[in-house]
Amino acid sequence: MSILQKIADIESEMARTQKNKATSGHLGLLKAKLAKLRRELIEPKGGGGGTGEGFDVAKTGDARIGFVGFPSVGKSTLLSNLAGVYSEVAAYEFTTLTTVPGVIRYKGAKIQLLDLPGIIEGAKDGKGRGKQVIAVARTCGLIFIVLDVLKPLQHKRLIEKELEGFGIRLNKEPPNIQFKKKEKGGLNLTSLVTQSELDHDLVKTILNEYKIHNADITLRVDATAEDLIDVIEGNRVYIPCIYLLNKIDQISIEELDIIYKVPHCVPISAHHKWNFDDLLEKMWDYLQLVRIYTKPKGQLPDYSSPVVLREGRSSVEDFCNKLHRSIIKEFKIALVWGSSVKHCPQRVGKEHILADEDVVQIIKR
């Protein structure tokens, strides 16, 4: 039996199984089996193999955004109008057959945009070129899911299901679960908060499917079976996502007011270039970039080309490494002007965390 057939069988069994306390162990087992089969699909046994022509776009710039959506929702038009990059645009479906890169500059940062080929239902199960499309989506710092405003919810659900199946978690934080395999001693499960789904038996059932019999697990949140499986699998990516509801020129003002209240959504018209300012502002917020300006000794700061870091990875050491790997070896102290210090300039060490638009001067030994 093929992997796809096994996946289909498990999904239909899960759909038939009533959800209650008595069936939670069985459902947990099915979810674990499903996750393992999906992994086999993403990483076939015997090596990775190529990603396919046109999908191996080199990373450039300070951040990468992938455009994901069904065919003919306006991704290519959006990329052309945002980046001024020509991406073959036509009114018929499936015009973008390879990944088309474009670049925009915004607030001093260089951001790579990738128009991924139109996704189709079943992409996560290997249909179309979905596997390559989603593999590229996994490398992005932000995903734009482009939806047709006239049929947004059905498309949104289908795309989320495809991305979830490939281990992409949208607008979520990694579950706060500590998981450590060990040689012996059985299962040691500690819950720091009350659990509504996971108990010792269900956790043991899931671990048995992975042939794990000895482990220490600490649950710091009210976790689901899926959360635990995600932690065991260890290959999940957590990516922020903005839903772009395109073609708003085809709906009423009243409908537009309703759309504006939907979380993580930006209504736009790619064709008329409507509401791009809102889109770019939200994009900037979700990317969480930190711009640092360099100041050579005895000179004014260079405000024209900031060094761009990611929030959470914006220490002075990260800054030095982005400039050149050799700098940290000769590093003595840094002088910092900006919101991350109490007085300007302040002498700091390499562990100091920099804030957006700080100015830094490196003093070498």
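Just above sits the structure.
Keep in mind it's a predicted model, so treat the numbers as computed, not measured.

Across its full length, the protein chain holds 10 helices and 16 strands. Relative to its full complement of 365 residues, the protein chain shows a buried share of 45%. For the protein chain, the proportion of contacts with a sequence separation of at least 24, taken over those separated by at least 6, is 64%. Total accessible area on the protein chain is roughly 19,000 Å²; 51% of this is exposed by carbon and sulfur atoms.

Let us now look at the environment of Glu 13. Here Glu 13 lies in helix H1 (residues 3–16). Along the backbone, Glu 13 and Leu 30 are 17 residues apart, and their C-alpha atoms lie at a distance of 8.4 Å. For Glu 13, the contacting residues outside a window of four places in its chain are His 26 and Leu 30.

Throughout the structure, instances matching the rule amount to 18 salt bridges. Salt-bridge contacts for Arg 169 lead to Asp 230; the nearest nitrogen and oxygen are separated by 2.8 Å. Placement of Arg 169 in strand S5 (residues 168–170) and of Asp 230 in helix H7 (residues 225–233) is noted, with a sequence separation of 61 residues between them. In terms of burial, Arg 169 and Asp 230 fall into one category: buried. Here Arg 291 makes a salt bridge to Glu 357, at a shortest N to O gap of 3.8 Å. Of this pair, Arg 291 sits in strand S12 (residues 289–294) while Glu 357 sits in the loop between strand S15 (346–348) and strand S16 (358–364); the two residues are 66 residues apart in sequence, bridging distant segments of the chain. Since its relative accessible area comes to 9%, Arg 291 is described here as buried.

The rules behind the values
- Residues numbered from 1 in each chain as written.
- Predicted model: local features only at pLDDT ≥ 70, side-chain atom pairs only at ≥ 80, totals over all residues.
- Heavy atoms only, no water.
- Helix = DSSP H or I, 4+ residues; strand = E, 2+ residues; numbered from the N terminus.
- Buried < 20%, exposed > 50% of the residue type's maximum accessible area, 1.4 Å probe, protein only.
- Contact = heavy atoms within 4.5 Å.
- Areas by Shrake-Rupley, 256 points an atom, 1.4 Å probe, with all protein chains shown as cover.
- Salt bridge = Lys/Arg side-chain N within 4 Å of Asp/Glu carboxyl O.

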